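Letter by letter, the chains look like this.
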Amino acid sequence: MNFTKKMFQENATLEDEVHVAGDSESWHIFMIVFQVILALGITFGNTLVIASFWKFEPLRIVSNIFLVNLAVADLLVGILAIPIRIAFVNLPMVRQDMQMFLQELKESLQMSPFCFLWQIASVLLLLASLFTLAAIAIERFVAVRMPFRYIELCTTKRCVLVCAFIWALSIVMSVLCLAFVKEQLGNTCRMADLTSPTYFKCILAPCIGFVFLVSWVLNMCTFYTARKAVKCSINILRDNKASEWQMLSTYKVTVTAFLVLITFSLCYIPTVVFTAVGILKKYGIFPDVVILLLFANSSMNPIIYGLRLPLFRRAFAKILKRENGSIATSNYSSENA
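A brief structural summary. Owing to the predicted nature of the structure, the values given are computational and were not obtained by experimental measurement.

On to the overall build of the protein chain, then. Along its length, the protein chain carries 13 helices and 0 strands. Order of helices (α) and strands (β) in the protein chain, N terminus to C terminus: α-α-α-α-α-α-α-α-α-α-α-α-α. Scored against the burial criterion, the 337 residues of the protein chain give a buried share of 47%. For the protein chain, the share of sequence-separated contacts (at least 6 apart) that also reach a separation of at least 24 residues comes to 79%. Summed over all atoms, the accessible surface of the protein chain reaches about 17400 Å², with 69% contributed by carbon and sulfur.

A few words on the pattern of salt bridges. The full count for this structure, using the stated rule, is 3 salt bridges. The shortest N-O distance in the salt bridge between Glu152 and Arg149 comes to 3.6 Å. Overall, Glu152 belongs to the partly exposed group, its relative accessible area being 48%. A salt bridge links Lys318 to Glu323; its shortest N-O distance comes to 3.7 Å.

Moving on, we come to unusual backbone geometry. The residue Arg322 is not glycine, and still its phi comes out positive at about 60°. Mapped onto the elements, Arg322 comes out in the segment after helix H13 (310-321). A relative accessible area of 78% means that Arg322 is categorised as exposed.

With the rule as written, the count across this model stands at 8 aromatic pairs. A centroid spacing of 5.8 Å and a plane angle of 35° characterise the contact between Phe30 and Phe34, whose relative ring orientation is tilted. In this pair, Phe30 and Phe34 both sit in helix H2 (residues 25-55), 4 residues apart, roughly one turn of the helix. Residue Phe30 is classed as partly exposed on the basis of its relative accessible area, which comes to 41%. By relative accessible area, which is 36% here, Phe34 ends up partly exposed. Ring geometry for Phe312 versus Phe316: centroids 5.9 Å apart, planes at 50°, classification tilted. In this pair, Phe312 and Phe316 both sit in helix H13, 4 residues apart, roughly one turn of the helix. One aromatic cluster in this structure is built from Trp216, Phe223, Tyr251 and Phe258.

Each pair of packed helices gets described by two things: the angle between the helix axes and the distance between those axes. Viewed as axis vectors pointing N to C, H2 and H13 meet at an angle of 100°, and their least axial separation amounts to 9 Å. Relative to H13, H2 is oriented roughly perpendicular. Contact with H2, carried on its side by Phe44, Leu48, Val49, Ala51, Ser52 and Lys55, involves Phe312, Ala315, Phe316, Ile319 and Leu320 of H13 and no other residues of that element. Grouping the constituent residues of the contact of H2 with H13 by class yields 9 nonpolar, 1 polar and 1 charged.

Okay, the side chain of Asn297 next. Position of Asn297 among the secondary structure elements: in helix H12 (residues 286-308). Overall, Asn297 belongs to the buried group, its relative accessible area being 2%. Sequence-distant contacts of Asn297, defined by excluding residues within four places in its chain, comprise Thr263, Phe264, Cys267 and Tyr268.

Take the environment of Ala317 next. Take Ala317: it is sitting in helix H13. The partly exposed category is assigned to Ala317, whose relative accessible area is 31%. Each C-alpha atom of the pair Ala317 and Ser52 lies 9.9 Å from the other, and the pair is 265 residues apart in sequence.

What follows deals with the nonpolar core. Core analysis: the largest hydrophobic core is formed by 51 residues, its most contacted members being Tyr305 and Phe312. Looking at this core, the elements with two or more residues in it are H2, helix H3 (62-90), helix H5 (113-145), helix H7 (156-176), helix H9 (197-233), helix H10 (241-277), H12 and H13. Counting residues per element, this core draws most heavily on H5, which supplies 11 residues. Leaving out residues up to four positions away in the same chain, Tyr305 has contacts with Val49, Leu67, Leu70, Thr256, Val260 and Phe312. In this structure, Leu38, Ile42, Ile82 and Phe295 belong to the second largest nonpolar core, which totals 18 residues.

Between its terminal C-alpha atoms H13 stretches 16 Å, which fits the 16 Å expected from 12 residues at 1.5 Å a residue. Positioned one or two residues after H13, Arg322 has a phi angle of 60°, which is positive.

To continue, consider the environment of Leu176. In this structure, Leu176 sits in helix H7. Of the residues examined, Leu176 reaches a relative accessible area of 37% and is grouped as partly exposed. When the C-alpha atoms of Leu176 and Ile120 are compared, they prove to be 9.1 Å apart, with 56 residues separating the residues in sequence.

Helix length check: H7 (21 residues) gives 30 Å between terminal C-alpha atoms against 30 Å at 1.5 Å per residue, within 8%. Taken together, the buried positions of H7 are occupied by Cys159, Cys163, Ile166, Trp167, Ser170, Met173 and Ser174. Summarising the axial view, the buried residues of H7 lie within an arc of 135°, below the 170-degree limit, and thus occupy one face. Among the exposed residues of H7, those oriented more than 90 degrees off its buried face are Lys157, Leu161, Phe165 and Val172.

Here is what the cut-offs are and how they apply
- Residues numbered from 1 in each chain as written.
- Predicted model: local features only at pLDDT ≥ 70, side-chain atom pairs only at ≥ 80, totals over all residues.
- Heavy atoms only, no water.
- Helix = DSSP H or I, 4+ residues; strand = E, 2+ residues; numbered from the N terminus.
- Buried < 20%, exposed > 50% of the residue type's maximum accessible area, 1.4 Å probe, protein only.
- Contact = heavy atoms within 4.5 Å.
- Areas by Shrake-Rupley, 256 points an atom, 1.4 Å probe, with all protein chains shown as cover.
- Salt bridge = Lys/Arg side-chain N within 4 Å of Asp/Glu carboxyl O.
- Phe/Tyr/Trp six-rings, centres within 6.5 Å; stacked < 30°, edge-to-face > 60°.
- Axes fitted to C-alpha atoms, helices over the stretch in contact; angles between N-to-C directions.
- Parallel < 35°, antiparallel > 145°, perpendicular 65-115°, else oblique.
- Nonpolar A, V, L, I, M, F, W, Y, C, P; charged D, E, K, R; others polar.
- Core = buried A, V, L, I, M, F, W, Y, C linked by side-chain atoms within 4.5 Å.
- Expected span 1.5 Å × (residues − 1).
- Arc of directions from axis to C-beta.

In structure tokens, the structure reads:
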């Protein structure tokens, strides 16, 4: 009995300490500095991806349209989501005048407008990224499993329309969450305070789970097929450099798409799980760490492209060095080799 009581007291003390750490001024100063650095890196990297696609014709292929769409979503994290969080979550904990201003604004409007902005931005960009990853998985599946119908099915016009549909659907679903939002929002404006249990359990979580499942199944099937085809054909196609190059190139792009999905999953799954079980609401410091993980994901894709896709790597180098000229070093430029 005494042992149980002692454990309860220790756990309560730990929880109080975590709350204090999460709400301390020094912690919020650290969060501001770290998020500013992260926002600059996200903006720089994803702007580089978009500029490369715009400037160099060899990169303007169907498979890269979705990569650029993902870069746009990541760029908005750097120029929209992070600044909103810094201005309305971290700064008020450091500057007393900012906190008083926001409290007066909340009382005058009978709501917390910055919480609504944060909610819409976070849900919008999460869904846009997730739906784009699903589109990439489908595009890669068609490229590997139905190569003879790829040109017919995956046209530039269709891919652009799919991207437009992704953003339209993401906007509708992010605005829809306002219909389910809690009437009384916490002053901390944390994720668990912003998301209605009804909306999360009945709409958001099933949607995220289904799209995740589809993306993973398609990517694993595509990766297995591409890997098997490369192993079986590498000796047969050794004398046919064009076909060998095309197969290896398709395999490399497929692996890259799979890596993007893996990093996205590693960064976003903790948030979904922690929100579902209420951990984000209970512990003060954990939400900040998890949200930093979400933001960090938006800076990873340009690094993956630069490491895995030589055409992007050469495009990045030419833009940074302010050089002109082509980035293609091969006659076979239908894929990133």
